[in-house]
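In case you want the letters, here they are:
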Amino acid sequence: MARDPLAGKLPVTVLTGFLGSGKTTLLKHLLTHPGMDRAALVINELGEVGIDHDLMQVSSEQMTLLANGCPCCTVRTDLQETLRELFTRRRLGQVIDFDRVFVETTGLADPAPVLQTLATDTLLSDHYRLDCVATLVDAVNGMMQLDTQPEAVKQAAVADRLLLTKTDLADAAAVAALQERLRALNPHAEFMTVTHGVVDPAALTDVGLRNARPDAARVSRWLGATGEGSGYLGQRLAPGVRHDPAIKSFALVFDQPFAWDTFSAALDLAARMRGPDLLRVKGLVNVAGEKGPVVVQAVQHIFHPTVTLDAWPSDDHRTRLVFITRNIARETVEQLFAAVGALRS
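Because the structure is a prediction, the values reported are computed rather than measured. (Residues numbered from 1 in each chain as written. Predicted model: local features only at pLDDT ≥ 70, side-chain atom pairs only at ≥ 80, totals over all residues. Heavy atoms only, no water.)

Peer 1: Summarise the overall build of the protein; cite the residues concerned and give the values.
Peer 2: In terms of regular secondary structure, the protein is built from ten helices and 13 strands. Looking at the protein as a whole, 54% of its 345 residues qualify as buried. Of all intrachain contacts in the protein linking residues separated by at least 6 positions in sequence, the fraction that spans at least 24 positions is 76%. Accessible surface, the protein as shown: approximately 14,800 Å² in total, 52% of it carbon and sulfur. (Helix = DSSP H or I, 4+ residues; strand = E, 2+ residues; numbered from the N terminus. Buried < 20%, exposed > 50% of the residue type's maximum accessible area, 1.4 Å probe, protein only. Contact = heavy atoms within 4.5 Å. Areas by Shrake-Rupley, 256 points an atom, 1.4 Å probe, with all protein chains shown as cover.)

Laid out in structure tokens, this is it:
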């Protein structure tokens, strides 16, 4: 029997959100939960003197600090080294036998380099898998941050889970408007309200695919797509709600199986032409000759290693792809697939 390419890999939850969104408060509560005693935490702080880690009441065996706070290539290198070292120390018994990792980014960080690190480092991808991107949004300042901070928009756009914080301090109408805007920005994410940092760990863990055995509910939860077009956009957006015209979120569905060369050519063309604006892609692909679907994930121009599930999770064998893009229209992506001979249903 072939080895399951996902089984045994340690799930990684990336926790992001703009400055002041409440990440430290959430982590304090999350990591003291009885079910999280085997979680490891990596904190990426901004500035020469770290503060956030001093606020964490967890064992030093559970926590590692990245103190440079750089949201670019430096953090990728440091994160690579940290995750490699954590795994080695775990194997040697020098730290707890952790069963998951939380990576907290600085509030100014673009989360893409963290996600790309897990895809491009062969050693890391052998031991870790991306499980969830959770983004906190401050209900008091969130609308202003979305208006003025490109990082805040991108953090929300690439999330699997959107956590709205400080709703008890904000006007109810303002909270509702922010929720509508976030739903327009990222209709495929699951939403939840977090008060004083209290959140059920189950909401942020076991989001991704943990083995190659298909589970319809888990696959649907991970994909987060309607499967029939553009999801929330253009369908339920209330009149007068502001949206972010640069960010597009849509799902494409294809009836006929792909030749793998045809499908990969379409995505490769998209990555080469518009890689920086291809914020996130995930989905199931019906590849001719394969018993089960091929799982694809990408962040900008970086693609995670593909995984083929043992079988389809349901009777629906269509290719379903979710795209989160910046300044790339749905029609442009459709044209790319048409250019390589793919016919959309």
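Peer 1: Lay out the layout of surface pockets in plain terms, naming residues and giving numbers.
Peer 2: When its volume is computed, the largest pocket comes out at roughly 310 Å³. Around the largest pocket, the lining comprises 19 residues; the ones closest to its centre are Leu6, Lys9, Arg129, Pro305 and Val307. Looking at the lining of the largest pocket, its residues break down into eleven nonpolar, five polar and three charged. (1 Å grid on protein atoms, 1.4 Å probe; cavity = no way out; pocket = protein on both sides within 12 Å on 5 of 7 lines; lining within 4 Å. Points joined across faces, edges and corners; volume = space filled by probe spheres on them. Nonpolar A, V, L, I, M, F, W, Y, C, P; charged D, E, K, R; others polar.)

Peer 1: How would you summarise helix α9 (residues 260–274) if you had to cite specific residues and measurements?
Peer 2: Over its 15 residues, α9 runs 21 Å from end to end, which matches the ideal 21 Å to within 8%, given 1.5 Å per residue. Considering only its buried residues, α9 is in contact with β9 (280–285), β10 (294–299), β11 (302–303), β13 (319–326) and α10 (330–339). (Expected span 1.5 Å × (residues − 1).)

Peer 1: I'd like to hear about helix α3 (residues 112–120), residue by residue, with values.
Peer 2: For α3, the tally of buried residues reaches eight of nine residues, placing the bulk of the element in the interior. Burial in α3 covers these residues: Ala112, Pro113, Val114, Leu115, Gln116, Thr117, Leu118 and Ala119.

Peer 1: Please set out empty space enclosed by the protein residue by residue, giving values where relevant.
Peer 2: Enumeration according to the criterion identifies five cavities of 30 Å³ or more in this entry. Considering only enclosed or pocket space, the largest cavity measures out at about 80 Å³ in volume. In terms of lining, the largest cavity is formed by Ala157, Val158, Ala159, Asp160, Asn186, His188, Ala189, Arg280, Val281, Lys282, Val322 and Ile324.

Peer 1: Run through the environment of Pro111, naming residues and quoting values.
Peer 2: Positionally, Pro111 belongs in the loop between β4 (100–104) and α3. Separated by 95 residues in sequence, Pro111 and Thr16 have C-alpha atoms that sit 7.0 Å apart. Once you skip the residues sitting within four places of it in the chain, Pro111 turns out to touch Thr16, Gln155 and Val158.

Peer 1: Help me get a handle on the environment of Thr24, residues and values and all.
Peer 2: Following the sequence through the fold, Thr24 ends up in helix α1 (residues 23–31). Under the relative-accessibility criterion, Thr24 is labelled buried at 13%. With 80 residues separating them along the chain, Thr24 and Glu104 place their C-alpha atoms 8.6 Å apart.

Peer 1: Give a description of the pattern of salt bridges that names residues and reports values.
Peer 2: Counted by the stated rule, this structure contains 19 salt bridges. Across the salt bridge formed by Arg161 and Glu190, the nearest N and O atoms sit 3.6 Å from each other. Here Glu190 lies in strand β7 (residues 190–194) and Arg161 lies in strand β6 (residues 161–165), a separation of 29 residues in the sequence. Taking relative accessible area as the criterion, Arg161 reaches 2% and is therefore assigned buried. With its nearest N and O atoms 3.7 Å apart, the salt bridge here joins Arg183 to Glu180. Pair noted here: Arg183 and Glu180 are both in helix α7 (residues 172–185), with a separation of three residues, about one helical turn. (Salt bridge = Lys/Arg side-chain N within 4 Å of Asp/Glu carboxyl O.)

Peer 1: I'd like a description of the pairing of β6, backed by residues and values.
Peer 2: A large share of β6 lies buried, amounting to five of its five residues. Side chains Arg161, Leu163 and Thr165 of β6 all project onto a buried face; the interleaved residues Leu162 and Leu164 project onto the opposite face, where all are buried too. Bridge count between strand β5 (residues 128–138) and β6: five bridges; the pairing is parallel. Bridging across to β6, Ala134 finds its partner in Arg161. Two strands pair when backbone bridges link them, and β6 and β7 are joined in this way by five bridges, in the parallel orientation. The partner of Leu162 across the bridge, within β7, is Phe191. Following the chain from β6 across α7 to the adjacent parallel β7, one finds a crossover that is right-handed. (Pairing = 2+ DSSP bridges. Right-handed = clockwise from strand over helix to strand, strands pointing away.)

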